[in-house]
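Chain and residue survey
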Amino acid sequence: RNLLDRDTFSKSDPICVLYTQAIGNKEWREFGRTEVIDNTLNPDFVRKFIMDYFFEERENLRFDFYDVDSKSPNLSKHDFLGQMFCTLGEIVGSQGSRLEKSIVGIPGKKCGTVIVTAEELGCCRDAVLMQFCANKLDKKDFFGKSDPFLVFHRSNEDGSFTICHKTEVVKNTLNPVWQAFKISVRALCNGDYDRTIKVEVYDWDRDGSHDFIGEFTTSYRELSRGQSQFNVYEVINPKKKGKKKKYINSGTVTLLSFLIETEVSFLDYIKGGTQINFTVAIDFTASNGNPSQPTSLHYMNPYQLNAYGMALKAVGEIIQDYDSDKMFPALGFGARLPPDGRVSHEFALNGNPQNPYCHGIDGVMEAYYTSLKSVQLYGPTNFAPVINHVARYAASVKDGSQYFVLLIITDGVISDMAQTKESIVNASKLPMSIIIVGVGPAEFDAMEELDGDVVRISSRGKFAERDIVQFVPFRDYIDRSGNHVLSMARLAKDVLAEIPEQFLSYMRVRGIKPSPAPPPYTPPIHVLQTQI
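Residues numbered from 1 in each chain as written. Predicted model: local features only at pLDDT ≥ 70, side-chain atom pairs only at ≥ 80, totals over all residues. Heavy atoms only, no water.

The chain is annotated in an unreviewed UniProt entry as Copine-8 of Buceros rhinoceros silvestris. According to UniProt, the comment filed for the chain under the heading Sequence similarities (unreviewed entry) is "Belongs to the copine family." (UniProt positions renumbered as here; feature names shortened; annotations may be inferred.)

This is the structure we're talking about:
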């Protein structure tokens with residue numbers, strides 16, 4: 001409320017950015033951003049932040065406000081409007097879990113206030129697909145008809161309303177048919193089927209001062225009856241109703257369709273038996289340094305794991321829980337192999353090309369150490385062969401019963417960028433994800449490009465169907481105090497964080513539903529013999 005006005009000719013276009021603070025080092029990390037709302041100093045943001053709440057942990061939060069002036073994601077390009085600090089506990093513990101606090105940060109200026117509400121989520125995972133149309137809405141525009149859109153609000157415990165959906169604008173008509181939209185039941189009514197849902201009808205205006213046409217209320221239970229005489233609503237404008245004796249309504253809104261979809265989670269698939277296959281590929285190029293020297297990234301230190309070993313163990317120990325046979329193919333690239341010194345970009349670490357599987361993460365570690373003693377580090381750094389290796393397997397099981405994760409650990413500068421991009425674009429159609437951990441001091445710009453979080457990766461004009469690469473530099477996780485447990489847990493968490501979503505995006509695009517979970521095991525009955 002009452003944000004600073006930073007725009008000369010119109011009002012500010014605010015966005016809110018939420019930061020959380022890391023437990024150990026107190027650095028602020030961006031948690032998420034709301035949408036931008038144009039031309040207002042009193043925005044009601046729709047996008048929510050979903051956080052885990054632990055009673056016993058202090059979760060520091062910082063809300064920064066900016067007036068957005070361009071399309072740039074870089075915050076320094078926009079006008080700062082102030083900030084507010086609080087803890088998650090402070091919000092949850094406030095009366096009605098609603099905290100109102102002053103925005104500070106610009107000396108000598110009143111920056112307004114921010115109202116933050118917290119609501120514990122029910123675990124309802126249904127979503128609904130609804131479509132509405134309207135008839136004979138009031139004409140609001142001087143020259144044409146109206147440009148109507150709908151705004152949906154759910155009611156909160158305290159009787160206030162929170163915006164949860166806006167439809168698109170349908171131009172120049174009093175009888176609009178809006179596109180069907182999908183919304184989670186949680187967002188629509190917090191899983192409470194009888195809670196009031198308020199729907200407002202507006203006429204869109206370019207300058208942001210949209211004209212109110214009227215409103216009606218309903219509930220999830222009413223809407224769930226589907227298309228029927230019960231779901232035709234009179235749009236009422238209370239001001240007009242008060243003034244005009246003959247006022248009937250400002251038009252009607254009709255529900256055209258109502259479909260319930262249950263959103264499935266990553267764990268639904270795992271429960272239903274989908275296996276995650278984990279493959280490791282290790283960089284054996286000469287730039288890693290001679291393994292017998294302590295400066296080498298491949299140095300075999302008898303007392304502690306090197307960076308390759310640490311990254312492998314951190315990620316592998318979590319993934320192995322989702323792989324029932326615990327047999328992992330382990331590959332190397334960029335080395336000359338005995339006996340003839342030929343260079344290979346996909347060799348089995350255990351020396352058996354027919355069966356590159358190692359038993360458990362410990363088996364992979366053992367094969368890694370053994371091969372270090374027998375191969376000669378060489379080059380160049382080619383990723384495409386190992387990506388294609390895993391893609392061949394992934395291409396043979398597209399039914400959702402298996403998903404493949406490839407972990408590439410590398411010291412950096414990639415030699416076959418074009419081929420690798422091509423391989424990734426092709427692999428994005430397959431049930432697989434790629435994790436790249438960069439070790440050592442190199443510049444990893446190329447890896448950031450492969451990661452595709454900022455710009456979706458493309459090859460020869462074809463874009464990747466989904467984002468399947470996650471890159472992290474190992475050096476961001478080295479703990480100066482020597483506490484590797486915490487830092488490796490963070491590394492694993494960060495590289496594995498995107499996997500469930502990447503996994504789900506594959507299943508969704510392919511229309512694959514999780515198999516029903518097998519019934520819990522019950523021992524056979526006839527074994528029970530009673531002694532009398």
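Now that the structure has been shown, the text picks up again.
A count of helices and strands for the chain gives twelve helices and 26 strands. The C-alpha extent of the chain, read off along each of the three principal axes, is 100 × 80 × 60 Å. Going through the 532 residues of the chain one by one, you find that 49% of them count as buried. In the chain, once contacts between residues fewer than 6 apart in sequence are set aside, the share between residues at least 24 apart is 68%. Split by element, the accessible area of the chain, about 28300 Å² in all, is 53% carbon and sulfur. Between the mean site of the 59 positive side-chain charges and the mean site of the 66 negative ones, the chain shows a separation of 6 Å. (Helix = DSSP H or I, 4+ residues; strand = E, 2+ residues; numbered from the N terminus. Buried < 20%, exposed > 50% of the residue type's maximum accessible area, 1.4 Å probe, protein only. Contact = heavy atoms within 4.5 Å. Areas by Shrake-Rupley, 256 points an atom, 1.4 Å probe, with all protein chains shown as cover. Lys, Arg positive; Asp, Glu negative; His and termini not counted. Charge placed at Lys NZ, Arg CZ, Asp CG, Glu CD.)

This paragraph deals with the pattern of salt bridges. Enumeration over the complete set of coordinates arrives at 16 salt bridges. Here Glu 30 and Arg 33 are joined by a salt bridge, their closest N and O atoms 2.7 Å apart. Look at Arg 33 and you get partly exposed, because its relative accessible area is 24%. As a salt-bridge pair, Lys 421 and Glu 449 come within 2.5 Å of each other at their nearest N and O atoms. One end of the pair, Lys 421, is in helix H9 (residues 417-427); the other, Glu 449, is in helix H10 (residues 445-451), and 28 residues separate them in sequence. (Salt bridge = Lys/Arg side-chain N within 4 Å of Asp/Glu carboxyl O.)

Moving on: the domain arrangement of the chain. When cut into domains, the chain gives domain 1 (14-117), domain 2 (126-262) and domain 3 (275-510). Its C-alpha centre places domain 1 at a distance of 29 Å from the equivalent point of domain 2. With seven residues of domain 1 at the contact, the number on the domain 2 side is eight residues. Buried surface at the junction of domain 1 and domain 2, both sides included, amounts to about 490 Å², of which 56% is carbon and sulfur. The largest per-residue losses of area from domain 1 upon contact with domain 2 belong to Asn 39, Val 46 and Lys 48, which jointly make up 65% of the total buried on that side. Viewed at the interface, domain 2 and domain 1 are joined by zero salt bridges. Residues that form the side of domain 1 that touches domain 2 fall into these classes: three nonpolar, one polar and three charged. (Domains from an automatic or database assignment. Buried area = accessible area lost by both parts, 1.4 Å probe. Nonpolar A, V, L, I, M, F, W, Y, C, P; charged D, E, K, R; others polar.)

The four strands lie next to each other as E10-E7-E14-E13, forming an open sheet whose pairing is antiparallel. What marks the edges here is a single partner per strand, and that holds for strand E10 (181-184) and strand E13 (232-234). In this sheet, neighbouring strand axes are inclined to one another by 35° on average, regardless of whether the strands run parallel or antiparallel. Sheet analysis places E13 next to strand E14 (residues 252-262), joined by three bridges and oriented antiparallel. Bridging from a neighbouring strand, Val 232 pairs with Thr 254 of E14. (Pairing = 2+ DSSP bridges. Axes fitted to C-alpha atoms, helices over the stretch in contact; angles between N-to-C directions.)

Now for the side chain of Arg 195. By secondary structure assignment, the location of Arg 195 is in the loop between helix H2 (185-189) and strand E11 (196-203). In this structure the side chain of Arg 195 is engaged in a polar contact, spanning 2.9 Å, whose partner is the backbone oxygen of Ser 155. Here Glu 157 takes part through its side chain, which lies 2.9 Å from a polar atom of the side chain of Arg 195. With sequence-adjacent residues up to four places away left out, Arg 195 is seen in contact with Glu 119, Ser 155, Asn 156, Glu 157, Cys 189, Asn 190, Thr 218, Ser 219 and Tyr 220. (Polar contact = N/O pair within 3.5 Å; in protein donor to acceptor, adjacent residues only side chain to side chain.)

This part covers the environment of Leu 41. Assignment of secondary structure puts Leu 41 in the loop between strand E2 (28-33) and strand E3 (60-67). A relative accessible area of 16% means that Leu 41 is categorised as buried. Along the chain, Leu 41 and Asp 5 lie 36 residues apart, while their C-alpha atoms are 6.9 Å from each other. Setting aside its immediate chain neighbours within four residues, Leu 41 contacts Arg 1, Asn 2, Leu 3, Leu 4, Asp 5, Lys 11 and Ser 12.

With that out of the way, let us pick up the packing of aromatic side chains. According to the stated counting rule, one finds 20 aromatic pairs in the structure shown. With a centroid separation of 6.2 Å and 75° between ring planes, the pair formed by Phe 31 and Phe 49 is classed as edge-to-face. Taken together, the residues span a long stretch of sequence, with Phe 31 in strand E2 and Phe 49 in the loop between E2 and E3 at a distance of 18 residues. Of the residues examined, Phe 31 reaches a relative accessible area of 37% and is grouped as partly exposed. For Phe 49, a relative accessible area of 24% translates into the label partly exposed. Ring geometry for Phe 132 versus Phe 181: centroids 6.4 Å apart, planes at 20°, classification stacked. With Phe 132 in strand E7 (residues 126-135) and Phe 181 in strand E10, the pair connects residues that are 49 residues apart, well separated along the chain. Using a relative accessible area of 8% as the deciding quantity, one classes Phe 181 as buried. The structure contains a cluster of three or more aromatic residues connected by ring pairs, namely Phe 284, Tyr 308, Phe 347, Tyr 368 and Tyr 369. Directly above the ring of Phe 161 sits Lys 198, whose terminal nitrogen or CZ lies 4.5 Å from the centroid. Lying across the ring of Phe 230, Arg 225 places its NZ or CZ 4.2 Å from the centre. (Phe/Tyr/Trp six-rings, centres within 6.5 Å; stacked < 30°, edge-to-face > 60°. Lys NZ or Arg CZ within 6 Å of the ring centre and 35° of its normal.)

This part takes up the nonpolar core. Within the largest apolar cluster, 53 residues are counted, with the highest numbers of intra-cluster contacts made by Phe 278, Phe 284, Ile 435 and Val 437. Per-element tally for this core: the top contributor is helix H6 (residues 307-319), with eight residues. Grouped together as the second largest cluster of nonpolar side chains are 33 residues, Val 170, Ile 183, Val 199 and Tyr 220 included. (Core = buried A, V, L, I, M, F, W, Y, C linked by side-chain atoms within 4.5 Å.)

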